[in-house]
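Results of the structural survey
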Amino acid sequence: MPKGRGAYRALVQRKKLVLLALSLVLVLSVIADLGLGPARYTMREVVLALMGSSEVSLQISVVIWDIRMPVALMAVVVGAALSAAGAQMQTILNNPLASPFTLGISAAASFGASIALVFGVGILPWAIDYVVSVNALLMAMAAALFIHFMSQKRGVTVETIVLLGITLVFTFNALLALVQYLASEQALAAVVFWTMGSLTRATWPKLAITAAVMAISLPLFMRRAWALTALRLGDDKAASFGVNVRWLRLETMMIISLLAAVPVAFVGTIGFIGLVGPHIARMLVGEDQRYFLPASVLSGATILSLTSVISKSIVPGTIFPIGIITALVGVPFLFSLIMSSRRRSW
Amino acid sequence: MVATLQLTDVGVRYGRQEVLSGVTTPILKGGEVTAVIGPNAAGKSSLFRRIAGLLDGPGNIRIDGAAASPDFGHVCYMPQDTSVNTVLTVYESVLLARKQGAGRKVTDADLEEVDRVLHSLQIEPISFKGLHELSGGQRQLVSLAQVLVRDPKILLLDEPTSALDLHRQVEVLALIRSLAKDRGICVILAIHDLNQVLRVADRVMVIDAGTMVSCGPVDSVINPSLLQTIYKVEGRIERCSRFCPHVIIDGPLARTSV
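Please read all numbers here as calculations on a predicted model, not as lab measurements.

Some words on the overall build of chain A
Helices and strands together make up the secondary structure of chain A, namely 14 helices and zero strands. Going from the N terminus to the C terminus, chain A shows its helices and strands as α-α-α-α-α-α-α-α-α-α-α-α-α-α. Principal axes of the C-alpha set define a box for chain A whose edges measure 60 × 55 × 35 Å. By residue count, 50% of the 346 residues in chain A fall in the buried class. Counted over contacts in chain A with a minimum sequence separation of 6, partners at least 24 positions apart contribute 77%.

Structure (structure tokens):
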């Protein structure tokens, strides 16, 4: 077999192996996550309970399936969604610092959700979770559209977009503070806890909705894998390949806002996954979207699942809000990433 | 079938500002190489981007006798700026170009074509280097590979040899020449070196200050008067001992003669 073709096939095999390894780590992390909590179970007990074996007590089965499973899977799905959103944001904005968190999409969603939490509780108390989500989604889309249209202007550089994102973060944080100032004591507590980000709010319906958003978004991205990869060669080149650059960007931005807003609406603000996940994926498999996107999804899911494990392990019996952990672990990680990756491309 | 391209009164507008106007050519046929020359910022790149469908503007572009739609199919454009910061290998980036609009699955035929193009440009040794690790000249060769792998009928090359050493320049231009001939590709090439133009091109189009000044066979367009009016230099066209024409520059145009 000629060298080029053979070497390419070997490269593809290696990328597939990386995806498989990431999947394995994710599965192990989820099992560990299921075993941890006020009562600790061994890996064997967890696996037996998952297989529906009669060897484990009913109590363990109930705890694992009904209480811990939605939380553990929510970590996986939210991590995956935020990381996929970050990966595509970095792709279409040609910017290594782009992520829903750094460009204000998460802050916008937080603001939208807080409005619903503070002012909407009394109106539709039975559907408050969904009002919160819809509000978060609408604000996230507005912010995403704003970033998108500003990035289309002539002379707008990568740096301008980041600065624009920072202004959005400040603006929405100020608005969030205003809402908190106006909120009743009870609503204020809800908003504050909510902004910390916590997976303990996970329920099966919320999990199903987040998973559905993923199930719709990922195939849309995968269908455009070649075109999205081509964007990274530059707009002119992508357009000359027949890619409708403008439309692809707009469409991708809309899907990103959906992917970023829904998790924020359900579990609160969780930062850094959307930034760190894609960077790890890029280092592992490069930027061919056929592997980059699945790798981003898997690394985002794995990081958040591992973070969930950490949040339960720091003080046994206590679950720290996961948003705090991701920020604390994410910052030094991101720092080391930036320092080491300067030698490479981004 | 040999590809043809004809421009009638083609222009480019950025908003209200007209940066290029009145470009009219005879029918440019496959197998021919047309060089586009002119000073910096004359509008050459705008013309290329207009033909490639990346810019709007007045005028008619007819490919194979039919008015071209925005999706030109086999019109392949190599932009002047080849800088990238993406984490892709050379091989992946060339395959990527091949797979645009051509089905998701990578076939043996795709890989064979990538191998063939990398071989023809002699860049196999850097096939699995990252794009961000390449020198300017290597990037230009990869960029060229990306257009060649798309099986072009009309090939638009915006200064494809500007970062190459002399040896590579000569090689790449010879390759372009032979590709045009063997595969019936209609090549349009922006290039500054007039001696290279004399070697490689059949026809020359001169663009200056946003308009087409002339378009015709190489020996009739490149003359001392062109050097004076367009490039503001004194020069001659002389034949060497092998009877090949060469541009010899004597110096900048004397102020008095302007």
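Here the narrative resumes, following the displayed structure.
Points about the confidence of the model for chain B
Residues and elements named next belong to chain B. Residues with a pLDDT of 70 or more make up 96% of chain B, whose mean pLDDT is 89. Across chain B, the secondary-structure element scoring lowest on mean pLDDT is strand β7 (residues 66-67), at 74, and the one scoring highest is strand β5 (residues 33-37), at 96. Scored as a whole, the predicted complex attains pTM 0.88, and scored at its interfaces, ipTM 0.86.

Remarks on the sheet that holds strand β6 (residues 60-63) of chain B
Adjacent strands of a sheet pair through backbone hydrogen bonds, lying either parallel or antiparallel. Residues and elements named next belong to chain B. Ordered in space as β4-β1-β6-β7, the four strands form an open sheet in which the pairing is antiparallel. Because the sheet does not close on itself, it has two edges, and the strands there are β4 (28-29) and β7. In this sheet, β7 lies alongside β6 in antiparallel orientation, the contact comprising two bridges. Note on β7: the bridge partner recorded for I63 is A66.

Focus on the pairing of strand β11 (residues 203-208) of chain B
The side chains of a regular strand alternate, first on one face of the sheet and then on the other. Residue and element names in this part refer to chain B. The buried fraction of β11 amounts to five of the six residues, a majority that puts the element mostly inside the structure. Across six bridges, β11 lies against strand β12 (residues 211-217) in antiparallel orientation. Counterpart to V206 in the pairing with β12 is S214. Between β11 and β12, which follow one another and run antiparallel, lie two residues, and A209 among them has a positive phi close to 50 degrees.

Topic: the packing of helix α1 (residues 3-35) of chain A against helix α13 (residues 289-313) of chain A
All names here are of chain A. Close contact between α1 and α13 brings their axes to 9 Å; oriented N to C, the two are set at 20 degrees. With respect to α13, the element α1 is oriented roughly parallel. Helix-helix and strand crossings are classified by hand; for α1 and α13 the assignment is left-handed. Every residue of α13 that contacts α1 at K15, V18, L19, L22, S23, V25, L26, S29, V30, A32 and D33 is listed here: Y291, P294, A295, L298, S299, A301, T302, S305, L306, S308 and V309.

A word on helix α4 (residues 105-119) of chain A
In a regular helix each residue adds 1.5 Å, so 15 residues correspond to 21 Å; α4 of chain A covers 21 Å between its end C-alpha atoms and thus fits that length. Among the 15 residues of α4 of chain A, 13 are classified as buried, and the element is accordingly described as predominantly covered.

Here we look at the interface of chain A and chain B
Counting from both sides, the interface comprises 26 residues of chain A and, opposite them, 29 residues of chain B. Among the residues forming the side of chain A that touches chain B, the class breakdown is eleven nonpolar, seven polar and eight charged.

Description of unusual backbone geometry
All names here are of chain B. Backbone geometry places Q122, a non-glycine residue, at a positive phi of 55 degrees. When you line up the elements, Q122 lands in the loop between α3 (108-120) and α4 (136-148). A residue is classified by how many C-beta atoms lie within 10 Å of it, and Q122, with 13 of them, is partly exposed. Despite not being glycine, A209 shows a phi value in the positive range, around 50 degrees. Judged by C-beta crowding, with 13 C-beta atoms within 10 Å, A209 ranks as partly exposed.

Quick word on the pairing of strand β2 (residues 10-14) of chain B
Residue and element names in this part refer to chain B. Pairing analysis gives four bridges linking β2 to strand β3 (residues 17-23), with the strands arranged antiparallel. Bridge pairing in β3 links V12 to L20. Adjacent in sequence and paired antiparallel, β2 and β3 are bridged by two residues, among which G15 carries a positive phi angle near 65 degrees.

Examining the environment of G101 of chain B
Within the secondary structure, G101 of chain B sits in the loop between α2 (90-99) and α3. In this structure, the C-alpha to C-alpha distance between G101 of chain B and H167 of chain B, residues 66 residues apart in sequence, is 35 Å.

Details of the nonpolar core
Note that soluble globular proteins tend to have their nonpolar side chains buried in a common cluster. Counting 179 residues, the largest nonpolar core has A109 and A140 of chain A together with V94, L156 and L189 of chain B as its most contacted members. Among the elements that take part in this core, helix α3 (residues 58-93) of chain A stands out by supplying 18 residues, more than any other. What A140 of chain A contacts, discounting residues up to four positions off in sequence, is I105, A108, A109, G112, S257, A260 and A261 of chain A.

What to know about α2 of chain B
Across the ten residues that make up α2 of chain B, a large majority, ten, are buried. If you check which residues of α2 of chain B are buried, you get V90, Y91, E92, S93, V94, L95, L96, A97, R98 and K99 of chain B. For α2 of chain B, the elements touching its buried residues are α1 and α9 (225-231) of chain A together with α3 and α4 of chain B.

Rules used in this analysis
- Residues numbered from 1 in each chain as written.
- Chains lettered and ligands numbered in written order.
- Predicted model: local features only at pLDDT ≥ 70, side-chain atom pairs only at ≥ 80, totals over all residues.
- Helix = DSSP H or I, 4+ residues; strand = E, 2+ residues; numbered from the N terminus.
- Buried ≥ 20, exposed ≤ 12 C-beta atoms within 10 Å, placed from the backbone.
- Contact = placed C-beta atoms within 7 Å.
- pLDDT = per-residue confidence, 0-100.
- Pairing = 2+ DSSP bridges.
- Axes fitted to C-alpha atoms, helices over the stretch in contact; angles between N-to-C directions.
- Parallel < 35°, antiparallel > 145°, perpendicular 65-115°, else oblique.
- Left-handed = near helix turned anticlockwise from the far one by under 90°.
- Expected span 1.5 Å × (residues − 1).
- Nonpolar A, V, L, I, M, F, W, Y, C, P; charged D, E, K, R; others polar.
- Core = buried A, V, L, I, M, F, W, Y, C linked by C-beta atoms within 7 Å.

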